[in-house]
Amino acid sequence: MFKHILLATDGSEAASHAAHRAVELARIHGAQLTAVFVVDPYPYLGIGEVNPMGFQAYLAAAQETATRAFNEIADLAEKAGVQLKTLLVEDAHVAAGILKAAEDVGADLIVVGSHGRSRLEKLMLGSVARRIVDQATRPVLVVR
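Residues numbered from 1 in each chain as written. Predicted model: local features only at pLDDT ≥ 70, side-chain atom pairs only at ≥ 80, totals over all residues. Heavy atoms only, no water.

Below, the discussion takes up the pairing of strand β2 (residues 32-39). With 8 of its 8 residues buried, β2 lies for the most part within the structure. Burial of β2 is two-sided: the residues Gln32, Thr34, Val36 and Val38 facing one way and the residues Leu33, Ala35, Phe37 and Val39 facing the other way are all buried. Pairing geometry for strand β1 (residues 4-8) and β2, over 5 bridges, is parallel. Along β2, the bridge assignment pairs Ile5 with Leu33. (Buried < 20%, exposed > 50% of the residue type's maximum accessible area, 1.4 Å probe, protein only. Helix = DSSP H or I, 4+ residues; strand = E, 2+ residues; numbered from the N terminus. Pairing = 2+ DSSP bridges.)

Attention now goes to the nonpolar core. Ile5, Leu7, Leu33 and Val111 are the most contacted members of the largest nonpolar core, which has 26 residues in total. Apart from residues lying up to four places away in sequence, Ile5 is in contact with Ala22, Leu25, Ala26, Ala31, Gln32, Leu33, Thr34, Asp108, Leu109 and Val111. Listed in part, the 18 residues of the second largest apolar core include Ala95, Leu99, Ala129 and Ile132. (Core = buried A, V, L, I, M, F, W, Y, C linked by side-chain atoms within 4.5 Å. Contact = heavy atoms within 4.5 Å.)

Along the chain, Val94 turns up in helix α4 (residues 94-105). Given a relative accessible area of 9%, Val94 falls into the buried group. Along the backbone, Val94 and Arg131 are 37 residues apart, and their C-alpha atoms lie at a distance of 9.5 Å.

A few words on unusual backbone geometry. With phi around 65°, Asp91 is a residue other than glycine that occupies positive phi space. Tracing the backbone shows Asp91 in the loop between β3 (84-90) and α4. Overall, the relative accessible area of 55% leaves Asp91 in the exposed class.

Strands pair in a sheet through their backbones, by hydrogen bonds, and they do so in one of two ways: parallel or antiparallel. With parallel pairing, 5 strands are arranged side by side in an open sheet as β3-β2-β1-β4-β5. Strands at the two margins of the open sheet, each flanked by one partner only, are β3 and β5 (140-143). Strand-to-strand twist in this sheet, taken as the mean axis angle between neighbours without regard to direction, amounts to 20°. Packing of helix α3 (residues 55-80) onto the sheet brings it into contact with β1, β2 and β3, and relative to β2 it is tilted by some 165°. (Axes fitted to C-alpha atoms, helices over the stretch in contact; angles between N-to-C directions.)

It is the contact of helix α1 (residues 13-29) with α3, at a shortest axis distance of 10 Å, that shows an interaxial angle of 30°. Relative to α3, the element α1 lies roughly parallel. Read as a crossing pair, α1 and α3 show a hand that is right-handed. Taking contact as the criterion, the partners of Ser16, Ala19, His20, Val23 and Arg27 in α1 are, on α3, Glu72, Ile73, Leu76, Ala77 and Ala80. Taken together, the residues of the contact of α1 with α3 break down into 6 nonpolar, 2 polar and 2 charged. (Parallel < 35°, antiparallel > 145°, perpendicular 65-115°, else oblique. Left-handed = near helix turned anticlockwise from the far one by under 90°. Nonpolar A, V, L, I, M, F, W, Y, C, P; charged D, E, K, R; others polar.)

Along the chain, the position of Thr9 falls in the loop between β1 and α1. With a relative accessible area of 9%, Thr9 lands in the buried category. From its side chain, Thr9 meets the backbone nitrogen of Gly11 in a polar contact 3.2 Å long. (Polar contact = N/O pair within 3.5 Å; in protein donor to acceptor, adjacent residues only side chain to side chain.)

Axis separation between α4 and helix α6 (residues 128-135) bottoms out at 9 Å; the angle between their running directions is 45°. In terms of orientation, α4 and α6 fall into the oblique class. Once α4 is placed against α6, the crossing between them reads as right-handed. Contacts between α4 and α6 involve Val94, Ala95, Ile98 and Leu99 from the former and Val128, Arg131, Ile132 and Gln135 from the latter. In terms of residue class, the contact of α4 with α6 is built from 6 nonpolar, 1 polar and 1 charged.

Right, dumping it as structure tokens:
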């Protein structure tokens, strides 16, 4: 049924739950799996100079988180015999970056975790999962 699954990750526990589900679906369907991590500079820029961490440190921390998340997913995929590609998207709002990645890779399913972000980020940005569900042109599986 599914040929290409896009897994959105932010390195959170919710994203880890979604990764397990996405890998299992890819294994069952013999689908290609692409994991995407979006580095969104806008939360940092919105906080501005109040944040003691410099912008470069913010980006480096995001890239380090992406690497850890991709390594975890790669381990799951390897154990399940699933072919995995990873995609790091920079300079985009998270939901928009995920939706664009799904379009670019031709995914026929988007898998995303629920409650991956902090309460403060939800207050400022809204729910990423909700935005994806509202704006997607393909099926979305939200994993809790």
